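Commentary on secondary and tertiary structure
Read off the chains here:
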Amino acid sequence: LFDGIYPFYPQQRKAAGFDISTTIVIVVFLTLACSFLLIIPGIRGRARLYWTLRVLLSLFVGVVIVVVQFTGDWETGWVQANTSYKSFSPVQVNVDVGLHIGLAGVNVTLRGNPVKQINETINYNEHFPWNFGADYDHSYSQGLQKGLPSPILYVAEKFSRQSPCAVHRQYRIAGHYASATLWVAFCTWIISNILFSMPVLVYGGYMLLVTGAFMIFSLLSFSTVRNSPMCLIQIGTRTLHVAYGGSFWLMLAIGLLCLVAGLTVVAMHHLNLDLLKTFFDLREDKAEEYQEMPELIINPHFVNKGL
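Residues numbered from 1 in each chain as written. Predicted model: local features only at pLDDT ≥ 70, side-chain atom pairs only at ≥ 80, totals over all residues. Heavy atoms only, no water.

Next up on the list: the nonpolar core. Counting 68 residues, the largest nonpolar core has W74 and L99 as its most contacted members. Sorting elements by how many residues they give to this core places helix α2 (residues 47-67) first, with nine residues. (Core = buried A, V, L, I, M, F, W, Y, C linked by side-chain atoms within 4.5 Å. Buried < 20%, exposed > 50% of the residue type's maximum accessible area, 1.4 Å probe, protein only. Helix = DSSP H or I, 4+ residues; strand = E, 2+ residues; numbered from the N terminus.)

This part is about the packing of aromatic side chains. Counted by the stated rule, this structure contains 16 aromatic pairs. On the numbers, 5.2 Å between centres and 55° between planes, the contact of W74 with F222 is tilted. Within this pair, whereas W74 is found in the loop between α2 and β1 (75-84), its partner F222 is found in helix α6 (residues 201-223), the two being separated by 148 residues in sequence. Take F222: its relative accessible area is 0%, and that puts it in the buried class. One aromatic cluster in this structure is built from W74, F128, W130, Y136, F159, Y171, F222, Y244, F248 and W249. Just above the ring of W51 sits the side chain of R54; from NZ or CZ to the centre is 4.4 Å. (Phe/Tyr/Trp six-rings, centres within 6.5 Å; stacked < 30°, edge-to-face > 60°. Lys NZ or Arg CZ within 6 Å of the ring centre and 35° of its normal.)

The UniProt record marks residues 20-39, 51-71, 91-110, 177-196, 202-222 and 242-268 with the feature "transmembrane region" (unreviewed entry), using the residue numbering of this structure. Structurally, residues 20-39 comprises 100% helix and 0% strand, and the distance from its first C-alpha atom to its last is 29 Å. Annotated as 100% helix and 0% strand, the span residues 202-222 places its first and last C-alpha atoms 31 Å apart. (UniProt positions renumbered as here; feature names shortened; annotations may be inferred.)

Bringing the state of the cysteines into the picture now. Under the counting rule described, the total for this entry stands at one disulfide. Paired through a disulfide, C165 and C231 show a sulfur-sulfur distance of 2.2 Å. Looking down the S-S bond of the C165 and C231 bridge, the torsion is -135°, so its handedness is left-handed. Residue C165 is located in the loop between α4 (150-157) and α5 (168-196), and its partner C231 is located in the loop between α6 and β5 (233-235); the two are separated by 66 residues in the primary sequence. Taking relative accessible area as the criterion, C165 reaches 8% and is therefore assigned buried. The class of C231 is partly exposed, set by a relative accessible area of 26%. (Disulfide = S-S within 2.5 Å.)

By secondary structure assignment, the location of F196 is in helix α5. Not counting chain neighbours up to four residues away, the residues in contact with F196 comprise L201, G204, G205, L208, V265, F280 and L282. (Contact = heavy atoms within 4.5 Å.)

Read across the open sheet, the five strands follow the order β4-β3-β2-β1-β7; overall the sheet is antiparallel. Pairing within the sheet leaves two strands with one partner each, and these edge strands are β4 (120-129) and β7 (243-244). Bridge analysis of β1 against β7 gives two bridges, and the strand direction is antiparallel. Note on β7: the bridge partner recorded for T76 is A243. The strands touched by helix α3 (residues 136-146) within the sheet are β3 (105-117) and β4, with β4 carrying the most contacts at an inclination of about 160°. Contacting β1, β2 (92-101), β3 and β4, α4 runs over the sheet at an angle of about 160° to β3. (Pairing = 2+ DSSP bridges. Axes fitted to C-alpha atoms, helices over the stretch in contact; angles between N-to-C directions.)

Note: β2 against β3, seven bridges, orientation antiparallel. Bridging across to β3, D96 finds its partner in R111. Strand direction decides the pairing type here: β3 and β4, joined by nine bridges, are antiparallel. Its bridge partner being in β4, N107 is matched across the sheet by H127. Counting the residues that bridge the hairpin from β3 to β4 gives two residues, and of these I118 lies at a positive phi of roughly 45°.

Shown next, in the form of structure tokens:
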């Protein structure tokens with residue numbers, strides 16, 4: 001001890017609350033949704049319901065495509081175990097260890113049961129990035145210099161370049177290509193919205209199919225990490241197992257939704273074009289489509305004379 005505290009633990013680490021990038025994206029899309037809700041009373045009749053359904057559903061698809069780029073729960077795993085808290089110390093603590101794998105890196109969570117143990121607050125959430133432009137080993141070295149708890153360093157070491165597990169390169173490349181295909185899906189989503197605002201609905205349906213296809217491609221890209229055998233992550237006497245997380249399944253659901261919506265638009269274009277135009281508020285008024293003949297006024301005096 002140095003003046004009553006451990007020299008490698010000058011202050012308690014705090015758990016991360018919200019990811020700033022995710023918060024910004026959600027706020028931007030919520031602003032767009034609220035702006036639309038302010039003008040929706042100006043739309044008349046049944047078209048109001050159609051516009052609300054189309055716009056809110058489209059915004060939801062867009063925000064999901066962008067948000068999952070920054071989330072850390074493409075793969076997740078939790079385990080509760082008794083383990084050593086610090087290196088070269090026989091003291092055992094009861095903790096929950098969480099592993100959250102995203103496209104850009106890995107988060108390791110350590111939470112005590114209870115949080116207050118051995119006169120310390122055990123509540124950590126450390127991020128180790130592996131996206132291009134970031135140095136995972138440097139982040140791991142910084143964790144060593146900070147004196148992070150042993151369970152966090154042990155789990156983070158499994159994904160380093162020097163680890164015998166050899167999964168760092170696989171996760172990094174898979175996450176990079178999954179992120180790239182999602183950005184392509186975001187571009188095709190924008191194009192589909194532009195086409196849906198024009199009288200070329202079938203092409204909007206085709207672009208929606210392309211959007212869903214690129215979402216599925218991103219999932220296939222990320223799932224290639226399962227081709228590499230994962231080392232056992234032993235925490236005390238328990239083993240930490242990972243499985244696909246919320247972001248993976250949400251992206252699968254949204255991708256299938258885009259495929260179904262695109263197929264529906266294409267099918268309706270060939271089967272019932274009038275109904276499709278009505279849903280997208282592009283159907284012309286009958287009075288404008290069929291111009292009525294103006295009323296003809298005839299003078300009865302000339303009719304009686306047979307003129």
